[in-house]
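What follows is the residue order along each chain.
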Amino acid sequence: MTQDASRTGQPRVRSAADDADVIVVGAGPGGSSAAYHLARAGLDVLVLEKSTFPREKVCGDGLTPRAVKQLVGMGITLEPADGWFPNKGIRIIGGGVRVELDWPELSSYPGIGLVRTRRGFDEIVARAAQRAGARLAEGVTVTGPVLDDSAKRIVGVTARDTAAGDGGPERSYRARLVVAADGNSSRLSLAMGLRKRDDRPLGVAIRTYYTSPRHDDDYLETWLDLWDGNALLPGYGWIFGVGDGTSNVGLGLLNTSASFGHIDYRAMLRRWLASMPAEWGFAEENQVAPVRGAALPMGFNRTPHYTSGLLLVGDAGGMVNPFNGEGISCAMESGEIAAQVIVQALARPDRASAELALRGYPQALKDAYGGYYTLGRKFVGAIGHPWFMRFATRHGLPRPALMRFTMKLLANLTEPRGGDAADRVINALSRITPAA
Ligand SMILES: Cc1cc2nc3c(=O)[nH]c(=O)nc-3n(C[C@H](O)[C@H](O)[C@H](O)COP(=O)(O)OP(=O)(O)OC[C@H]3O[C@@H](n4cnc5c(N)ncnc54)[C@H](O)[C@@H]3O)c2cc1C
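Now for a quick tour of the structure. (Residues numbered from 1 in each chain as written. Predicted model: local features only at pLDDT ≥ 70, side-chain atom pairs only at ≥ 80, totals over all residues. Heavy atoms only, no water.)

Regarding its fold elements, the chain presents 11 helices and 20 strands. Expressed as a percentage of its 436 residues, the buried residues of the chain come to 54%. For the chain, contacts bridging at least 24 residues in sequence account for 71% of all contacts bridging at least 6. Summed over its atoms, the accessible surface of the chain is roughly 18100 Å², and 53% of this surface lies on carbon and sulfur atoms. (Helix = DSSP H or I, 4+ residues; strand = E, 2+ residues; numbered from the N terminus. Buried < 20%, exposed > 50% of the residue type's maximum accessible area, 1.4 Å probe, protein only. Contact = heavy atoms within 4.5 Å. Areas by Shrake-Rupley, 256 points an atom, 1.4 Å probe, with all protein chains shown as cover.)

Have a look at this one:
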């Protein structure tokens, strides 16, 4: 029996026409995390993923302690023998200075990071969701929302079996709630009228792989300033050892930079790498993958995160950390938060009460990241100015205490309660900064 909430005032309980309690669109880290936690709570979850695993995803492949915590929480074992390459912290290079900062040892987060290419990573996380009971349909591309009689609320999605080659016939899947975890472009959000916000930061980043003796580097190396001879290039760069004979090398640029939109990223990468020591091997003959790029949607650049039966998770909701370009942990954390909210909402006795619970999702995200992301947007505005980068790298990097503070701030690694002076200052700053 369908009890459509808009007509009865009762909760829309699972009907015979429903294909699942919840449909999750996209099996990246955000969608798989949501699916895992929903399935663990006993809900029937259908995940629709347009690609088939294993598949590539353009990324730096760097996993901070926040991402490690999420993986551990999903029961995923992280043995080096299984291809997880551990690291101790970050190395920051800038202003002629080079500083290594170990991940802080905290009660809330492990003091370890990892590198793993997305080719293996996304499949492992998706399979963990499957093992927890989620149903995963690969090679199924979602084409749009199915709306209720009011034409406002999403009650399912239309999709095509793209694995079939010609796309096959379109069919619809129905559920009580839908999670958009379909990445930066999030066509499903767009179809529901949720556009990207222009007042939020956006980055563009590219990456490639080289066989390199630096493949076993146990620090995530970040370059704050990129040089081509005496010329300072806009943007930041990274060299992450993958531990398999290759290094992931890439660079990014924020839309707060004057050069954004006018730059040849590939040429900039070539010019930056040409300044590196030859023995690192970052030359054409050692390049083992094409240069590929994608956008980094930051600081909640698509809102609201819940509306009319649809919850946004990860890049779909613009959740990349504006301080460091990290998006995997935020995608997984928001997946878990969304699942907790959905589980509570679907257990409520009536529609109004369920909606109240669902409206708690944007609030929970604001509580978790809002103030911190607002700080991040200001940070991003500042680093778009070359004078700030010159000042910060010259005066900030040599001071170890300041840099430890910076590391905790950039990676959002603080004890939620108590902690040291740096933890307390960052938490207080995040709390008093409006969660806009
Ligand atoms: C160059 C670059 C480097 C980066 N480096 C790092 C890094 O080192 N560390 C880090 O933490 N983050 C990094 N990021 C950010 C990170 O890649 C993203 O934030 C993260 O992948 C977001 O996860 P997600 O699950 O939200 O989305 P995605 O990983 O984009 O997953 C979305 C999924 O939805 C599927 N999908 C899309 N449309 C449909 C549809 N219509 N129907 C069905 N399925 C669909 C896609 O196939 C995909 O599997 C980087 C990004 C870039 C571009």
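Still to come is the rest of the account.
Within helix α3 (residues 65-73), the full set of buried residues consists of P65, R66, A67, V68, Q70 and L71. G75 sits one or two residues past α3 and shows a positive phi near 75°.

With 6 of its 8 residues buried, strand β10 (residues 154-161) lies for the most part within the structure. Direction of pairing for strand β9 (residues 140-147) relative to β10: antiparallel, over a ladder of 7 bridges. Counted as the bridge partner of L147 is I154 from β10. A loop of 6 residues connects β9 with β10, the two strands running antiparallel in sequence, and A151 in this loop sits at a positive phi of about 60°. Note: β10 against strand β11 (residues 170-180), 5 bridges, orientation antiparallel. Residue pairing across strands places V157 opposite Y173, the latter belonging to β11. (Pairing = 2+ DSSP bridges.)

For the ligand, the set of nearby residues contains 37 residues, the closest of which are E49, R55, G60, G62 and D315. Here an oxygen atom of the ligand and a backbone polar atom of G30 are 2.9 Å apart. Here an oxygen atom of the ligand sits 2.9 Å away from a polar atom, N or O, in the side chain of R118. Against a free-state accessible area of 1000 Å², the protein chains account for coverage of 93% of the ligand. Of all elements in the fold, only α2 (29-40), β2 (45-49), β9, β12 (202-211), β16 (236-241), β18 (292-297) and α7 (328-346) reach the threshold of two or more residues within the shell around the ligand. Ranked by the residues each element gives to the shell around the ligand, the list is headed by β9, at 3 residues. (Near = heavy atom within 4 Å. Polar contact = N/O pair within 3.5 Å; in protein donor to acceptor, adjacent residues only side chain to side chain.)

Within the largest apolar cluster, 50 residues are counted, with the highest numbers of intra-cluster contacts made by V24, L71, I342 and Y361. Of all the elements in the fold, those that place two or more residues in this core are β1 (20-25), α2, β2, α3, α4 (118-131), β11, α7 and α8 (351-383). Examining the composition of this core, we find that 10 residues originate from one element, α7, more than from any other. Apart from the residues within four sequence positions on either side, L71 is in contact with L63, I76, L78, W84, L114, F121, V125 and M332. Listed in part, the 22 residues of the second largest apolar core include V99, W103, L106 and W238. (Core = buried A, V, L, I, M, F, W, Y, C linked by side-chain atoms within 4.5 Å.)

To continue, consider the packing of aromatic side chains. Across all of its chains, the model carries 7 aromatic pairs by this definition. Between W280 and F282, the ring centres sit 6.2 Å apart and the planes meet at 70°, which makes this aromatic pair edge-to-face. Here F282 falls in the buried class, since its relative accessible area comes to 9%. It is K69 that lies over the ring of Y109; its NZ or CZ is 4.9 Å from the centre. (Phe/Tyr/Trp six-rings, centres within 6.5 Å; stacked < 30°, edge-to-face > 60°. Lys NZ or Arg CZ within 6 Å of the ring centre and 35° of its normal.)

This paragraph deals with the sheet that holds strand β5 (residues 89-94). Spatially, β6-β5-β13-β16-β17-β12-β18 is the arrangement adopted by the 7 strands of the open sheet, whose pairing is mixed. With partners counted over all chains shown, the strands left at the sheet margins are β6 (97-102) and β18, one partner each. Strand-to-strand twist across the sheet, computed as the mean angle between neighbouring axes with direction ignored, equals 20°. In this structure, β16 lies alongside strand β17 (residues 246-254), joined through 6 bridges in antiparallel fashion. Paired with I239 across the strands is V249, a residue of β17. Set on the sheet, helix α6 (residues 265-274) makes contact with β12, β13 (219-223), β16, β17 and β18; between it and β17 the angle comes to about 125°. (Axes fitted to C-alpha atoms, helices over the stretch in contact; angles between N-to-C directions.)

In terms of residue burial, β17 counts as a mostly covered element, since 9 of its 9 residues are buried. Along β17, one buried face is formed by T246, N248, G250, G252 and L254 and the opposite face, lined by S247, V249, L251 and L253, is buried too. In this structure, β12 lies alongside β17, joined through 9 bridges in antiparallel fashion. Considered in β17, the bridge of T208 is made with V249. In sequence, β16 turns back onto β17 through a hairpin of 4 residues, with G243 there showing a positive phi of about 85°.

On to the sheet that holds strand β3 (residues 62-63). With antiparallel pairing, 3 strands are arranged side by side in an open sheet as β3-β7-β4. Every interior strand has two partners, whereas the edge strands, β3 and β4 (85-87), have only one. For β4 and strand β7 (residues 113-115), the ladder comprises 3 bridges, and the chain directions are antiparallel. Within β7, the residue paired with F85 across the bridge is V115.

Another aspect to go through is unusual backbone geometry. A cis amide bond, omega -5°, links F53 with the succeeding residue P54. Tracing the sequence through the fold places P54 in the loop between β2 and β3. A cis amide bond links T303 to the next residue, P304, at an omega of 0°. Among the structural elements, P304 can be located in the loop between β18 and β19 (306-307). Backbone geometry places D61, a non-glycine residue, at a positive phi of 70°. Here D61 is to be found in the loop between β2 and β3. Even without being glycine, F300 reaches a positive phi, approximately 65°. Looking at the element boundaries, F300 is found in the loop between β18 and β19. Using a relative accessible area of 4% as the deciding quantity, one classes F300 as buried.

Read these as spatial facts, not as claims about activity.
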